[in-house]
Amino acid sequence: METDEWTYLTKEEKRKQLFRRQKELLGQFLERGAISRRQYDKSLGDLIEKMGISGDERE
């Protein structure tokens, strides 16, 4: 996403985009063996909790 596009997103849209990016990064770490499945699950759970992500926003 370009900087100009980011500027026009609402606070909620920015939060969702940030969550998706962080989840994707965690997935890449797991895929490459940088973290274990247990670490991935723990980190994703913490991310969901701290960002207040609801069930329908997790995908």
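Here the structure is shown first, and the text comes after it.
Notes on the structure in this doc start here. (Residues numbered from 1 in each chain as written. Predicted model: local features only at pLDDT ≥ 70, side-chain atom pairs only at ≥ 80, totals over all residues. Heavy atoms only, no water.)

### Overview of the overall build of the protein chain
The helix and strand tally for the protein chain stands at three helices and zero strands. Reading the protein chain from its N terminus to its C terminus gives the helix and strand order α-α-α. The proportion of buried residues among the 59 residues of the protein chain is 19%. (Helix = DSSP H or I, 4+ residues; strand = E, 2+ residues; numbered from the N terminus. Buried < 20%, exposed > 50% of the residue type's maximum accessible area, 1.4 Å probe, protein only.)

### Details of helix H2 (residues 11-31)
Across its 21 residues, H2 extends 30 Å between first and last C-alpha, which sits within 8% of the 30 Å expected from 1.5 Å per residue. Looking at H2, one finds that the buried residues are Arg 15, Phe 19 and Leu 26. Viewed along the axis of H2, the buried residues span an arc of 35°, placing them on a single side of the element. Looking at H2, the residues exposed on the side facing more than 90 degrees away from the buried face are Glu 24 and Glu 31. The inward-facing, buried residues of H2 contact helix H3 (37-51). Just beyond H2, the residue with positive phi is Gly 33, at close to 80°. (Expected span 1.5 Å × (residues − 1). Arc of directions from axis to C-beta. Contact = heavy atoms within 4.5 Å.)

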